[in-house]
Amino acid sequence: MSNIIRIFKNSLKRNNIFIFIALAGAIILCFCLEAFKLLNVPDSFDGTEKISVGVIDSDNSPLSENLKSYLTDYLNMEVVENNSFDRQSRLLINTDISAIIEIPDNFYSEALGGAVQPLSLTTVNDYENIAFVQSYLDIYMQSLSVAVQSADGNEEIFKNILKGSLDKETKLTSVNAAEKSEADATAYAFEVTSGFFLMLVMSICIFVSYTVLDDKSTKTYERIQISNVKPFEYIIGTILFGGALCVIFGAAPLLYAALRGYSLGISYGLAALLYLLFIIFVTGFSLLLSMIVRSRAAIYTVVIAFSTLGCILGGAWFPLPDGAGVIKNFSYIMPQYWFMDAIKKMLEDPDAGCMPNLCILALFALLTYLISATVYSRRKNAD
């Protein structure tokens, strides 16, 4: 145990600059999470802006009041009332309102007689909320037809039906829609940030590998091999140094999201486990790389190539289509694929299981350490 601690402390003393680099990378990941979240929250669901519609009420009846209450209370729209079509048209042209809804005269009396008069909807074709407004009005008119048939000409029953619809607590629906939109944006931001994590955390490979190369160049590595330091002690001491740097990378965005109260789309426990498994793999890969590669330039080249290729094939930034053929099959040998696949799978279906992904990531990590221990033992025996 003392040998492990000694190796760990020695690595920290010689590589203080790497700690500051890791902190800078952690800040970048937190910035990515916040930036992508803000970029993907729709303006219409920010909790402050509402869809505005103009209403020309030529009926001024309980039914027309019910329709306006449906627009304001149920759909959380802003109703601009003005019986001047010219005034409403100017607002529509200036996109101050999304549409003009005209309620015809005798709308209420005709409904009592069993006939539902159609509403007149005027829109500008290029305005983005047209489909929503039309869909909402269709739903209302379908409900009104049912109410008219149920009342069967009885005005008292018809009024009670309208009053019952007004008494319903409907505001909660629009609030939940806004919260869901923000949660989806946060989940997307977490997915993209995780892709950047896969790329940036691989830079730790360079730091750890450089540390072992320095041990070789200063003959420290040879002295360790002929000392009483066991292979697993050197490996553990070195990976603790690399693991500490990686944890700074991985813990920062998760802690930031937790402090901000964000919903990642998956549980924080699962996210932490995925990050931890990939961190364990990265430290093992860096240790193995330092034992089989002899120059800093070669280490840099291998790490950049593996990181870039792995992130692309793993779908870190964009999904790889199933029709990619051999390229898709090749992605299965990349740990980045199983990392991102677990996140995407859980975001699409929270009830989906990702145990195979976790097991495969654990096997990737275990394989790197077994190979590293074997290489270290053979070189020690050869010397």
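Reading the values: rules and limits
By convention here, each chain's residues receive numbers from 1 onward along its written sequence. Reporting of local features is limited, given that this is a predicted model, to residues whose pLDDT is at least 70; pairs of side-chain atoms are given and counted only at 80 or more, and all residues count toward the totals for whole chains, interfaces and linings. Only hydrogens and water are set aside when side-chain values are computed; all heavy atoms of the structure are taken into account. Here a strand is any run of E in DSSP of at least two residues, a helix any run of H or I of at least four, and the numbering for each starts at the N terminus. For the exposure calls, accessible area comes from a 1.4 Å probe over protein chains only, and a residue counts as buried if that area is under 20% of its type's maximum, exposed if over 50%, partly exposed in between. By definition, residues are in contact when any of their heavy atoms lie within 4.5 Å. All accessible-area figures derive from a Shrake-Rupley calculation using a 1.4 Å probe, and residue coverage is judged against the displayed protein chains alone. A patch is a set of surface residues, each over 30% in relative accessible area and not in a salt bridge, joined within 9 Å for like charges and within 5 Å for the nonpolar side chains Val, Leu, Ile, Met, Phe, Trp and Tyr. The rule for a salt bridge is simple: a side-chain nitrogen of Lys or Arg has to be within 4 Å of a carboxyl oxygen of Asp or Glu. The aromatic pairing rule takes the rings of Phe, Tyr and Trp, using the six-membered ring of Trp, and pairs them if the centres are within 6.5 Å, calling planes under 30 degrees apart stacked, those over 60 edge-to-face and the rest tilted. Strand pairing is assigned whenever DSSP identifies at least 2 bridges connecting the two strands. Axes here mean lines fitted to C-alpha atoms, for a helix over just the part in contact, with angles spanning 0 to 180 degrees between N-to-C directions. Here the nonpolar core consists of buried residues drawn from Ala, Val, Leu, Ile, Met, Phe, Trp, Tyr and Cys, with membership extended through side-chain atoms lying within 4.5 Å. pLDDT: the predictor's confidence for each residue, scored from 0 to 100. In a helix, the anticipated span is given by 1.5 Å times the number of residues less one. In the analysis that follows, any N or O atom pair within 3.5 Å is treated as a polar contact, provided that within protein one partner can donate a hydrogen and the other can accept it, and provided that, for residues neighboring in sequence, both atoms belong to side chains.

In terms of regular secondary structure, the protein chain is built from 16 helices and 4 strands. Per-residue burial over the protein chain gives 45% buried out of 383 residues. Taking the contacts inside the protein chain whose residues are at least 6 apart along the sequence as the reference set, 76% of them involve residues at least 24 apart. Surface accessibility of the protein chain: about 19,600 Å² in total, with carbon and sulfur atoms responsible for 61%.

Okay, a nonpolar patch on the surface next. A cluster of nonpolar side chains, I17, F20, I21 and L23, forms an exposed patch at the surface whose accessible area comes to about 390 Å². Locating I17 in the fold gives a position in helix α2 (residues 16-39). Among the residues examined, I17 registers a relative accessible area of 52% and is labelled exposed.

As a further point, take the packing of aromatic side chains. Counted according to the given criterion, the structure contains 18 aromatic pairs. Here a set of aromatic residues connected by ring pairs shows up, and it is made of F190, F197, Y275, F278, F281, F285, F306, F339 and F364.

Attention shifts here to the pattern of salt bridges. Oppositely charged side chains are able to pair whenever their charged atoms sit close together. Considering all chains together, one arrives at 6 salt bridges under this definition. K68 serves as the salt-bridge partner of D57, at 3.0 Å between the closest nitrogen and oxygen. Residue D57 is located in strand β1 (residues 52-57), and its partner K68 is located in helix α3 (residues 62-74); the two are separated by 11 residues in the primary sequence. Across the pair, exposure class does not vary: D57 and K68 are buried alike. Residues K68 and E65 are paired through a salt bridge, measuring 3.1 Å at the closest nitrogen-oxygen approach. Linking K68 with E65, this pair stays in helix α3, spanning 3 residues, or about one helical turn. A relative accessible area of 6% means that K68 is categorised as buried. In this structure E65 comes out as partly exposed when scored by relative accessible area, which is 42%. Three or more residues joined by partner-sharing salt bridges are found here, namely D57, E65, K68 and E81.

Quick look at the sheet that holds strand β3 (residues 99-103) now. As summarised here, the arrangement of the 4 strands in space is β2-β1-β3-β4, forming an open sheet in which the pairing is mixed. Edge positions in the sheet fall to β2 (78-81) and β4 (120-123), since each of these pairs with one other strand and no more. For this sheet the average axis-to-axis angle between neighbouring strands, irrespective of direction, equals 25°. Of the strands in this sheet, β1, β2 and β3 are in contact with α3, which crosses β1 at around 175°. With respect to the sheet, helix α4 (residues 85-93) is in contact with β1, β2, β3 and β4, its orientation differing from that of β3 by roughly 155°.

Glancing now at the nonpolar core. Grouped together as the largest cluster of nonpolar side chains are 66 residues, with contacts concentrated most on F190, F197, I204, F278, V282 and F339. For this core, the secondary structure elements donating two or more residues are α2, α8 (171-201), α9 (203-217), α11 (231-260), α12 (268-292), α13 (296-313), α15 (335-348) and α16 (355-382). In contact with F339, other than residues within four places in its own chain, are S194, F197, L198, L274, Y275, F278 and L361. I51, L67, F107 and L144 belong to the second largest nonpolar core, which has 27 residues in total.

A separate point is the confidence of the model for the protein chain. Detailed reading of predicted coordinates is not advised where the pLDDT is low. Confidence in the prediction for the protein chain averages 79 pLDDT; 82% of positions are at 70 or higher. Confidence drops under pLDDT 50 across residues 43-48; counting only partners more than four residues distant or on other chains, this segment forms 5 contacts.

Here the focus is α2. Between the first and last C-alpha of α2 there are 35 Å, a value that for 24 residues agrees with the 34 Å anticipated at 1.5 Å per step. Those residues of α2 that fall on the buried side of the exposure criterion are F18, A22, G25, A26, L29, C30, C32, L33, E34 and K37.

One can find N357 in helix α16. Within the local environment of N357, its side chain forms a polar contact with the side chain of K345, the two groups lying 3.2 Å apart. Those residues in contact with N357 that lie beyond four places of it in its chain are W338, D341, A342 and K345.

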